[in-house]
Amino acid sequence: MSDTDTAYFGIKSVPYPRLSLDEFLAWGPEAVIRADTPAVIDILPSPDPGHYRTAVLEKLGDATVTLVRKDRTKENETRAEVSKIPLREFFEKEPYTSNTDGTYRVVSNIKHHAETISALLGFDTTRMFDYRAPLNSANLWVNYGGMRSRNHFDDLENFNIQLEGRKRFVVMPPGFRNYYVRSPLHGYANTSRSVRVDHADLGRYPRLAAALARRRDIVLEPGQMLYLPMGWWHQVDAMDGLNINLNFWLYHPKMLRRPLMLADSLYKVAFRKLNGLYNLQPEKP
Ligand SMILES: O=C(O)CCC(=O)C(=O)O
């Protein structure tokens with residue numbers, strides 16, 4: 001039995017579709033969104049290690065990006081601190097490169113850099129993803145290994161491309177009851193009270209077992225893109241040294257058929273606005 005199996009009490013992961021670039025182009029993003037199931041697409045030729053680090057630095061090194069700092073523990077509950085830095089500093093300076101006094105990541109909506117995004121990926125991204133529409137975004141994520149995003153869901157369609165490093169996504173179907181959702185009072189109604197899904201405390205959170213039995217355990221490799229449908233829960237662990245991802249978050253009318261998701265989304269937008277919290281506002285070009 002592998003470590004991954006024991007982490008889930010021997011409950012196996014559900015298989016998920018893998019698409020080639022040609023298959024993805026033949027389907028098109030809209031058909032993939034309608035299929036409403038997580039899939040991995042080989043969207044870019046498998047890059048040499050360091051290729052996208054160099055390319056991102058060259059094309060976006062001087063851009064101002066958003067830096068998010070959290071305390072060190074993966075289970076930490078405190079709110080993140082947000083500031084702005086030139087992207088280059090994140091690659092080259094302390095404390096970011098060693099994460100000595102907290103964990104740092106760049107999460108930055110670079111939707112106004114459409115030409116640069118297309119140049120980076122080698123195709124016209126605006127024709128494939130409508131990320132420049134109001135409320136949609138194209139986000140650059142940069143962090144070092146060991147960082148976890150705890151189990152949560154988003155109310156957008158997500159196409160997430162791994163450029164550098166690898167990430168483990170544990171993905172589970174939409175729902176509220178089985179996930180022990182946190183109180184909305186602090187703006188976290190899309191996160192679970194169970195701080196981790198691997199080695200979860202099933203004594204405390206027994207209904208989580210039903211969700212784990214339907215999970216997809218996905219290691220996203222450089223050059224691959226994960227399609228993560230709206231509402232699917234996910235815990236994400238950065239596995240290697242440097243991780244660079246670019247994801248497109250798209251609102252979709254699907255949401256109108258999901259009243260709880262719609263209510264959560266409206267509540268979150270209002271909560272963040274009222275409290276002056278960072279909500280992926282686009283960077284200036
Ligand atoms: O990469 C991460 O740590 C989180 C990514 C994520 O939550 C997402 O793409 O929705």
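None of the values given here were measured: they were computed from a predicted structure. (Residues numbered from 1 in each chain as written. Predicted model: local features only at pLDDT ≥ 70, side-chain atom pairs only at ≥ 80, totals over all residues. Heavy atoms only, no water.)

Novice: Give me the lowdown on the site of the ligand, citing residues and values where you can.
Specialist: Around the ligand, the neighbouring residues are Arg 105, Trp 141, Ser 149, His 152, Asp 154, Asn 158, Asn 160, Lys 167, His 234, Val 236 and Trp 249. Residue Arg 105 places a side-chain N or O atom 2.8 Å away from an oxygen atom belonging to the ligand. Residue Asn 160 places a side-chain N or O atom 3.0 Å away from an oxygen atom belonging to the ligand. A total of 290 Å² of accessible area belongs to the ligand in isolation, and the protein chains cover 98% of it. (Near = heavy atom within 4 Å. Polar contact = N/O pair within 3.5 Å; in protein donor to acceptor, adjacent residues only side chain to side chain. Areas by Shrake-Rupley, 256 points an atom, 1.4 Å probe, with all protein chains shown as cover.)

Novice: Give a description of a positive patch on the surface that names residues and reports values.
Specialist: Residues Arg 177, Arg 193, Arg 204 and Arg 207 make up a contiguous surface patch of positive charge. The residue Arg 204 is located in the loop between β9 (167-172) and α8 (208-212) in this model. (Patch = residues over 30% accessible without salt bridge, like charges linked within 9 Å, V, L, I, M, F, W, Y side chains within 5 Å. Salt bridge = Lys/Arg side-chain N within 4 Å of Asp/Glu carboxyl O. Lys, Arg positive; Asp, Glu negative; His and termini not counted. Charge placed at Lys NZ, Arg CZ, Asp CG, Glu CD. Helix = DSSP H or I, 4+ residues; strand = E, 2+ residues; numbered from the N terminus.)

Novice: Outline unusual backbone geometry, supporting the account with residue identities and numerical values.
Specialist: The residue after Glu 94, namely Pro 95, is reached through a cis peptide bond having omega 0°. With respect to the secondary-structure elements, Pro 95 resides in the loop between α5 (87-92) and β5 (103-109). For Leu 135, which is not a glycine, the phi torsion comes out positive at approximately 75°. Relative to the helices and strands, Leu 135 resides in the loop between α7 (125-128) and β6 (137-144). When its relative accessible area of 66% is taken as the criterion, Leu 135 is described as exposed. Despite not being glycine, His 199 has its phi angle at roughly 50°, a positive value. Structurally, the position occupied by His 199 is in the loop between β9 and α8. (Buried < 20%, exposed > 50% of the residue type's maximum accessible area, 1.4 Å probe, protein only.)

Novice: Let's hear about the nonpolar core: which residues, and what values?
Specialist: By size, the foremost hydrophobic cluster in this structure holds 45 residues, and its most contacted members are Phe 24, Phe 159 and Phe 248. Excluding residues that lie within four positions of it along the chain, Phe 24 makes contacts with Leu 19, Pro 29, Val 32, Ile 41, Ile 43, Met 128, Phe 129, Phe 159 and Met 225. In terms of nonpolar packing, the next biggest core, distinct from the first, is built from 17 residues, Met 172, Tyr 205, Leu 212 and Met 255 among them. (Core = buried A, V, L, I, M, F, W, Y, C linked by side-chain atoms within 4.5 Å. Contact = heavy atoms within 4.5 Å.)

Novice: An account of the pairing of β5 is needed here, citing residue identities and associated values.
Specialist: The buried fraction of β5 is high, at 7 of 7 residues. The two faces of β5 match: Thr 103, Arg 105, Val 107 and Asn 109 on one face and Tyr 104, Val 106 and Ser 108 on the other face are all buried. As judged from the 4 bridges shared by strand β3 (residues 64-70) and β5, these two strands associate in the antiparallel manner. Within the sheet, the bridge partner assigned to Leu 67 lies in β5 and is Val 106. Here β5 runs beside β6; their pairing, made up of 5 bridges, is antiparallel. (Pairing = 2+ DSSP bridges.)

Novice: Explain the sheet that holds strand β1 (residues 18-20) residue by residue, including any values.
Specialist: The sheet built from 9 strands is open, its strands ordered β1-β2-β11-β8-β13-β6-β5-β3-β4 with mixed pairing. Edge strands, defined here as strands with exactly one partner in the open sheet, are β1 and β4 (81-86). Here the average twist between neighbouring strands, direction ignored, is 25°. (Axes fitted to C-alpha atoms, helices over the stretch in contact; angles between N-to-C directions.)

Novice: Could you give an account of the environment of Asn 143, with specific residues and numbers?
Specialist: Its location among the elements puts Asn 143 in strand β6. Classification of Asn 143 by relative accessible area gives buried; the value is 0%. In this structure the C-alpha to C-alpha distance between Asn 143 and Arg 34, which are 109 residues apart in sequence, comes to 31 Å. Among the polar contacts listed, one links the side chain of Asn 143 to the side chain of Arg 105, at a separation of 3.4 Å.

Novice: Can you lay out the pairing of strand β8 (residues 157-164) for me, pointing to particular residues and giving the numbers?
Specialist: With 8 of its 8 residues buried, β8 lies for the most part within the structure. In this sheet, strand β13 (residues 242-250) lies alongside β8 in antiparallel orientation, the contact comprising 7 bridges. Its bridge partner lying in β13, Ile 161 is registered against Leu 246. With 4 bridges connecting them, β8 and strand β11 (residues 224-228) associate as antiparallel partners. Residue pairing in the sheet places Phe 159 in a bridge with Tyr 227 of β11.

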